[in-house]
Amino acid sequence: MSATQIIPKDQIAFVDVWPGRGKAWEADIRQLWDTHREAREIGSVDKRIDSAVMILVAAGRVVGLSTAYARQVGLLNHNWLYEFRIFIAPHARQPGLDAKLIQESVSILEQSAQTDPHKPIGVLAQLQNEKLMQSPSATPILRLAPFYLIGYTSKGYPIRVLYFDGASI
């Protein structure tokens, strides 16, 4: 499949690889990272393989993924949250695909938090998507996964948080 050909939505499978089952897809995830500079900008491929939550697969190849790891956040009363990122290859991007990946991944993480020894209370995300970065500061970026602005990184990227149902801050 060429890099310019858009993959139809019905040909993209969502595969749950949390926790720790991303290793089975290591070669494909490395290929995704090696092929796309934007992926390398969001962090080490080894860290992404180890923290994969869900992968997007088309024609037997990984075309996107979400990742998360538990992190204690001092500015949020030292609570634990899952630091969350996603990447979708440009040829696989289409309206609603990122929202579905986020929604499915958050659901997996919320279930996992119930047995996680750190007891994460939500998901923390740094946005580098130009469209989502323009969302007004007080409004959630996605209706089904309401991430709210809590600040900015040193590079000016918005940091947003989504709290799980029943979270106590």
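Below is a short write-up of the structure. Per chain, residues are indexed from 1 in the order of the written sequence. Per-residue local features of the predicted model are confined to residues with pLDDT of at least 70, and side-chain atom pairs are confined, for both listing and counting, to 80 or more; whole-chain, interface and lining totals are unaffected and use all residues. For the side-chain quantities, the full set of heavy atoms in the structure was used; hydrogens and water were omitted.

## A closer look at the sheet that holds strand S5 (residues 122-126)
To be explicit about the condition: Paired strands are those between which DSSP finds at least two bridges. Think of it this way: any DSSP run of H or I at least four residues long counts as a helix, any run of E at least two long counts as a strand, and we number them from the N terminus. Note on geometry: axes are lines fitted to C-alpha atoms, helical ones only across the stretch in contact, with angles between N-to-C directions running from 0 to 180 degrees. Any two residues whose heavy atoms approach within 4.5 Å at even a single point are treated as in contact.
With mixed pairing, the seven strands of this open sheet are ordered in space as S1-S2-S3-S4-S5-S7-S6. The strands lining the two open edges of the sheet, one partner per strand, are strand S1 (13-16) and strand S6 (148-152). Shown here is a sheet whose adjacent strand axes are inclined to one another by a mean of 25°, direction ignored. Where strand S2 (residues 52-58) and strand S3 (residues 61-73) come together, six bridges link them in antiparallel fashion. Its bridge partner lying in S3, Ala58 is registered against Arg61. The strands touched by helix H1 (residues 26-35) within the sheet are S2, S3 and strand S4 (79-88), with S3 carrying the most contacts at an inclination of about 90°. Along the sheet, helix H4 (residues 97-113) makes contact with S1, S2, S3, S4, S5 and strand S7 (158-163), crossing S4 at roughly 150°.

## Comments concerning the nonpolar core
We apply this condition: What we call a nonpolar core is a set of buried Ala, Val, Leu, Ile, Met, Phe, Trp, Tyr and Cys residues that are connected through their side-chain atoms within 4.5 Å. Think of it in three bands: with a 1.4 Å probe and only protein chains considered, a residue is buried below 20% of the maximum accessible area for its type, exposed above 50%, and partly exposed in between.
Of all hydrophobic cores here, the largest spans 25 residues; its most connected members are Phe84, Leu109, Phe147 and Phe164. Residue assignment for this core shows that the elements contributing at least two residues are S2, S3, S4, H4 and S5. Looking at this core element by element, the count peaks at seven residues for H4. Sequence-distant contacts of Phe84, that is, excluding residues within four places in its chain, are made with Ser66, Thr67, Ala68, Ile102, Ser105, Leu109, Val123, Leu124, Ala125, Gln126 and Phe147. In terms of nonpolar packing, the next biggest core, distinct from the first, is built from 14 residues, Trp33, Ala39, Val45 and Phe87 among them.

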